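Summary of structural features
In case you want the letters, here they are:
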Amino acid sequence: MSGRDVVLGRIRRALGPREERGAYERAGGEGVDRGYLREHGARSTEQTVDLLAENLADYRAVVHRTDAEELPYLIMRLLAARGPRYVLVPPGLPPEWMSAADPTRVHDRAASTPHELDRVESVVTGCAVAIAETGTIVLDGGPDQGRRRITLVPDHHICVVRVPDQVVSSVPQALERLDPTRPLTWISGPSATSDIELDRVEGVHGPRTLEVVLLGGS
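Summarised in this report is the structure supplied together with it.

Rules of the game
- Residues numbered from 1 in each chain as written.
- Predicted model: local features only at pLDDT ≥ 70, side-chain atom pairs only at ≥ 80, totals over all residues.
- Heavy atoms only, no water.
- Pairing = 2+ DSSP bridges.
- Helix = DSSP H or I, 4+ residues; strand = E, 2+ residues; numbered from the N terminus.
- Axes fitted to C-alpha atoms, helices over the stretch in contact; angles between N-to-C directions.
- Contact = heavy atoms within 4.5 Å.
- Salt bridge = Lys/Arg side-chain N within 4 Å of Asp/Glu carboxyl O.
- Buried < 20%, exposed > 50% of the residue type's maximum accessible area, 1.4 Å probe, protein only.
- Patch = residues over 30% accessible without salt bridge, like charges linked within 9 Å, V, L, I, M, F, W, Y side chains within 5 Å.
- Areas by Shrake-Rupley, 256 points an atom, 1.4 Å probe, with all protein chains shown as cover.
- Expected span 1.5 Å × (residues − 1).
- Disulfide = S-S within 2.5 Å.

An order of β1-β12-β7-β4-β2-β3 is seen for the six strands of this open sheet, with the pairing classed as parallel. Two strands lie at the open edges of the sheet, namely β1 (62-67) and β3 (104-107), each paired on one side alone. On average, each strand axis in the sheet is tilted by 25° relative to the strand beside it, whichever way the strands run. In the sheet, strand β2 (residues 86-89) pairs with β3 via four bridges, with the strands oriented parallel. Looking at β3, one finds that Tyr86 is bridged to Thr104. Each of β1 and β12 (209-216) touches helix α3 (residues 45-58); the most contacted strand, β1, lies at about 145° to it. Sheet strands touched by helix α4 (residues 71-82): β1, β2, β4 (122-125), β7 (156-162) and β12. Its angle to β7, the strand with the most contacts, is close to 165°.

Here we come to the pattern of salt bridges. Oppositely charged side chains can pair when the atoms bearing their charge come close. Counting across every chain of the model gives ten salt bridges. Between Asp108 and Arg147 there is a salt bridge; the shortest N-O distance is 3.0 Å. Of this pair, Asp108 sits in the loop between β3 and α5 (114-118) while Arg147 sits in the loop between β6 (136-139) and β7; the two residues are 39 residues apart in sequence, bridging distant segments of the chain. A salt bridge links Asp140 to Arg182; its shortest N-O distance comes to 3.8 Å. Separated by 42 residues along the polypeptide, Asp140 in the loop between β6 and β7 and Arg182 in the loop between α6 (171-177) and β9 (185-187) bring together distant segments of the chain. With relative accessibility at 15%, the residue Asp140 sits in the buried group. Relative accessible area serves as the criterion here: at 34%, Arg182 is assigned to the partly exposed category. Through salt bridges that share partners, Arg82, Asp155 and Arg208 make up one connected network.

Quick look at unusual backbone geometry now. Across the junction of Val163 and Pro164, the peptide omega takes the value 5°, indicating a cis bond. Note on placement: Pro164 falls in the loop between β7 and β8 (167-168).

A cluster of nonpolar residues, Val7, Ile11 and Leu15, forms a patch on the protein surface that exposes about 260 Å² of accessible area. Checked against the element boundaries, Ile11 lands in helix α1 (residues 3-15). The exposure class assigned to Ile11 is partly exposed, which follows from its relative accessible area of 42%.

Turning to its location among the elements, Gln166 is positioned in the loop between β7 and β8. Not counting chain neighbours up to four residues away, the residues in contact with Gln166 comprise Cys127, Ala128, Val129, Ala130, Val160, Val161 and Arg177.

Here the focus is the sheet that holds β8. Read across the sheet, four strands follow the order β8-β5-β6-β9 without closing on themselves; strand pairing throughout is mixed. Single-partner strands in this sheet number two, and they are β8 and β9.

This next bit is on α1. Compared with the 18 Å implied by 1.5 Å per residue over 13 residues, the 19 Å span of α1 between its first and last C-alpha is a close match. Within two residues after α1, Gly16 carries a phi angle of roughly 90°, on the positive side.

Before going further, it helps to examine the pairing of β7. The element β7 is largely enclosed, with a buried count of six among its seven residues. With four bridges connecting them, β4 and β7 associate as parallel partners. Bridging from a neighbouring strand, Thr125 pairs with Cys159 of β7. Bridge count between β7 and β12: seven bridges; the pairing is parallel. Bridge pairing links His157 to Leu210 in β12.

A word on the state of the cysteines. Within this structure, the stated rule accounts for zero disulfides. For Cys127, which is in no disulfide, the shortest distance to another cysteine sulfur is to Cys159 and amounts to 4.8 Å. Taking the relative accessible area as the measure of exposure, Cys127 reaches 2% and is therefore buried.

See below:
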């Protein structure tokens, strides 16, 4: 028996008898079992945020916690530690977030070339939603996030998550909040890949450093 036959045989067994597949198709696919867990375990809001922070750190993101009053000064310190000459900001980023920062601001423009973006060392954005169980930040190109490319080319990404409003426990809960027609970017830690010898290399497909700011009191 060839490998192809083995694979097709497994697919047929998974689908079930032909007459059952036909009845399912005629019914328009109704009756699919969706009894999977929507989240794994019961957690309070505080525990959910703590789990997000833990899983983000597991993925080598740097996690900070602050409130609205201290946020501009935290962003100032994070940028000062990197020393960028230019920082990229989306058009809808709340202006108070950058009120204490010194670097020259570069605005997200459709006309910007990859070469121009490559000269920008840091980017500051908000997010659409954050998933605690997977430690994932999701961007949807909203006004405070900008085009997808502005978070993929600069080497340093500061992402602000409003807690608890933007934090959910699970992927199914996140999908309910997201518009599938928008350009979604799912981020679990800084960009990383491994070669054939499993040596980890960061910064290949996106920022080498991801700093997530959990903004409380929203």
